[in-house]
Amino acid sequence: GSLARQYKVSQHRQRVELELVFDGSPWGYGGVLLFRGVVQSWFAVPISTHDVYHFGIVIGESRYQALIETIAILIGVRLWLPRWRDERVAIRVRSDSQAALGALMKERSPNPHMNAVVREIALDFAKGKYRVDF
């Protein structure tokens, strides 16, 4: 005489609509914004004198690569954030830097300069309604 109910639980997976792809070199930063696989915007800028002064980056030195890749992500987020800040959208961030993506996922790094950049990115991501995958 008991009533049995079965509930099917499934996780709603939002389709990735925005993809942010970043790369860096010992000389500059770059990024591409794709919407549903179509390029919408891109940037390529040299390492600024401000970054050289603030972070101690030596232009042309590969030992700063992880920091440069992380700064590229910050540049792209700040550049493109107004486009999706109030939208419920899934965003994928791609980079070939495991150090940059790992620091973003953990929201920390052993490098204090990377921590400063990751902290800024985390604050920017916290302002919106979107979901971010790395």
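Everything discussed here concerns the structure shown above.
Residues numbered from 1 in each chain as written. Predicted model: local features only at pLDDT ≥ 70, side-chain atom pairs only at ≥ 80, totals over all residues. Heavy atoms only, no water.

(A) Main features of the nonpolar core. Leu20, Phe22, Tyr29, Ile57, Ile73, Trp84 and Val93 are the most contacted members of the largest nonpolar core, which has 32 residues in total. Looking at this core, the elements that each hand over two or more residues are strand 1 (16-25), strand 2 (28-35), helix 2 (65-84), strand 4 (90-95), helix 3 (98-106) and helix 4 (112-125). Apart from the residues within four sequence positions on either side, Ile57 is in contact with Tyr29, Ile47, Asp51, Val52, Tyr64, Leu67, Ile68 and Ile71. (Core = buried A, V, L, I, M, F, W, Y, C linked by side-chain atoms within 4.5 Å. Buried < 20%, exposed > 50% of the residue type's maximum accessible area, 1.4 Å probe, protein only. Helix = DSSP H or I, 4+ residues; strand = E, 2+ residues; numbered from the N terminus. Contact = heavy atoms within 4.5 Å.)

(B) Spatial organisation of the pairing of strand 2. The buried fraction of strand 2 amounts to six of the eight residues, a majority that puts the element mostly inside the structure. For strand 2 and strand 3 (residues 38-46), the ladder comprises eight bridges, and the chain directions are antiparallel. From the neighbouring strand, Phe35 faces strand 3, where its bridge partner is Val38. (Pairing = 2+ DSSP bridges.)

(C) Inspection of helix 2 at higher detail. Over its 20 residues, helix 2 runs 28 Å from end to end, which matches the ideal 28 Å to within 8%, given 1.5 Å per residue. When the local axis directions of helix 2 are compared, the greatest deviation, roughly 35°, occurs at Arg78, which is followed within four positions by the proline Pro82. (Expected span 1.5 Å × (residues − 1). Bend = angle between axes of the 7 residues up to and from the residue.)

(D) Seen up close, the packing of helix 2 against helix 4. It is the contact of helix 2 with helix 4, at a shortest axis distance of 10 Å, that shows an interaxial angle of 20°. The angle between helix 2 and helix 4 falls in the class roughly parallel. Crossing of helix 2 against helix 4: the hand is left-handed. Across the interface between the two elements, Ala66, Leu67, Thr70, Ile71, Ile73, Leu74, Val77, Arg78 and Leu81 of helix 2 pack against His113, Met114, Val117, Val118, Glu120, Ile121, Asp124 and Phe125 of helix 4. Of the residues contributing to the contact of helix 2 with helix 4, the split by class is 12 nonpolar, two polar and three charged. (Axes fitted to C-alpha atoms, helices over the stretch in contact; angles between N-to-C directions. Parallel < 35°, antiparallel > 145°, perpendicular 65-115°, else oblique. Left-handed = near helix turned anticlockwise from the far one by under 90°. Nonpolar A, V, L, I, M, F, W, Y, C, P; charged D, E, K, R; others polar.)

(E) Fine view of the layout of surface pockets. A volume near 160 Å³ is recorded for the largest pocket. Looking at the largest pocket, the residues that line it are Glu17, Leu18, Leu33, Phe35, Gln40, Arg83, Trp84, Glu87 and Val89. (1 Å grid on protein atoms, 1.4 Å probe; cavity = no way out; pocket = protein on both sides within 12 Å on 5 of 7 lines; lining within 4 Å. Points joined across faces, edges and corners; volume = space filled by probe spheres on them.)

(F) Structural context of the side chain of Thr70. As for its position among the elements, Thr70 is in helix 2. The buried category is assigned to Thr70, whose relative accessible area is 0%. Once residues within four sequence positions are removed from consideration, Thr70 is found in contact with Ala100, Met114, Val117, Val118 and Ile121.

(G) Expanded view of helix 3. Within helix 3 the residues assigned to the buried category are Ala100, Leu101, Ala103 and Leu104. For helix 3, the arc enclosing every buried residue in end-on projection is 160°, short of the 170-degree limit, so these residues lie on one face. Away from its buried face, by an angle of more than 90 degrees, helix 3 presents the exposed residues Gln98, Met105 and Lys106. Looking one or two places after helix 3, you find Glu107, whose phi comes out positive at around 60°. (Arc of directions from axis to C-beta.)

(H) Examining the packing of helix 2 against helix 3 more closely. Remark: helix 2 packs on helix 3, axes separated minimally by 8 Å, with the N-to-C direction vectors making an angle of 60°. Classified by the angle between their axes, helix 2 and helix 3 sit oblique to one another. In this structure, the crossing between helix 2 and helix 3 has a hand that is right-handed. Along its contact with helix 2, which presents Ala66, Glu69, Thr70 and Ile73, the element helix 3 presents Ala99, Ala100, Leu101 and Leu104. Taken together, the residues of the contact of helix 2 with helix 3 sort by class into six nonpolar, one polar and one charged.

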